Amino acid sequence: MGVAVRPRTPDDLPALLALLQRTHESDGYPVRASRVSAAWLAPDDELAAWVALDGDRPVGHGALHPAGGASLPLWREATGREADGLAVVSRLYTDRSAPGAGTALLEAAVAEARARGRAPVLEVLSSSPARGFYARRGWRRVGEVPQRWGDVPVVVDVLVAPDRGATLQA
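An account of the accompanying structure is given in this report. Everything numeric in this text was worked out from a predicted model, so none of it was measured. (Residues numbered from 1 in each chain as written. Predicted model: local features only at pLDDT ≥ 70, side-chain atom pairs only at ≥ 80, totals over all residues. Heavy atoms only, no water.)

Some remarks on the overall build of the chain
Of regular secondary structure, the chain possesses 5 helices and 7 strands. Secondary structure elements of the chain occur, N-terminal to C-terminal, as β-α-α-β-β-α-β-α-β-α-β-β. Taking 2.2 N^0.38 as the reference for a compact globule, 170 residues should give roughly 15 Å; the C-alpha atoms of the chain span a radius of gyration of 15 Å, in line with that estimate. Along the longest, intermediate and shortest principal axes, the C-alpha atoms of the chain span 40 × 40 × 30 Å. (Helix = DSSP H or I, 4+ residues; strand = E, 2+ residues; numbered from the N terminus. Rg over C-alpha atoms; globule rule 2.2 N^0.38 Å.)

Structure, rendered in structure tokens:
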């Protein structure tokens, strides 16, 4: 049957929050437990969001957000675009039970960003195994930025999407 991706609806939030809680407990994402909330998962300024489904069971989530913060100068330099020409792939997580869910969500986010005339960009913790996921799909690291997420100091890798012609690897 495979993984299907569709726009997220408000009815999806309870299942996605339960999945996010499990992801936080197993993988430390999000870093702060207080972020396992509807306000964090679906903020008012969100550009778009998707749910990955295995049958009718949610197995992942991804979103696009406006660009800003400490990574913005690196994204601007790498893409030649201002904040309103960028879209941040964010809140991307899966339960790993459905192979291809993460790639499908990433592809949906990249396609939507480009359809809006925006360059897809993202941040990933420098210590995260997810770095390899993005690298295998051609995302290019353009620098790193120290940040504070609440009282937690972190370092994030700042990435830009591969060119349109690049092929994503599974």
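Still more ground to cover, so stick around.
Things to note about the nonpolar core
Counting 24 residues, the largest nonpolar core has Trp50, Leu64, Val89, Leu106, Leu122, Tyr134 and Trp139 as the members making the most contacts within it. Contributions of two or more residues to this core are made by strand 2 (48-54), strand 3 (57-65), strand 4 (86-94), helix 4 (101-115), strand 5 (119-125) and helix 5 (130-136). Other than its neighbours up to four places away in sequence, Leu106 contacts Val89, Leu92, Phe133, Tyr134, Arg137 and Trp139. Judged by nonpolar contacts, the second largest core, of 13 residues, contains Val145, Val154, Val156 and Val158. (Core = buried A, V, L, I, M, F, W, Y, C linked by side-chain atoms within 4.5 Å. Buried < 20%, exposed > 50% of the residue type's maximum accessible area, 1.4 Å probe, protein only. Contact = heavy atoms within 4.5 Å.)

Concerning the sheet that holds strand 4
If you trace the 7 strands from one edge of the open sheet to the other, you get 1-2-3-4-5-7-6, paired in mixed fashion. Each edge of the open sheet is held by one strand with a lone partner, namely strand 1 (3-7) and strand 6 (140-149). For this sheet, the mean inter-axis angle between neighbouring strands, taken without regard to orientation, is 30°. As defined by bridge partners, strand 5 adjoins strand 7 (residues 152-160) across 5 bridges and the pair is classed as antiparallel. Bridging from a neighbouring strand, Leu125 pairs with Val156 of strand 7. Against the sheet, helix 1 (residues 13-27) contacts strand 2, strand 3 and strand 4, and its axis sits at roughly 90° relative to strand 3. Relative to the sheet, helix 4 contacts strand 1, strand 2, strand 3, strand 4 and strand 5, its axis offset from that of strand 4 by approximately 165°. (Pairing = 2+ DSSP bridges. Axes fitted to C-alpha atoms, helices over the stretch in contact; angles between N-to-C directions.)

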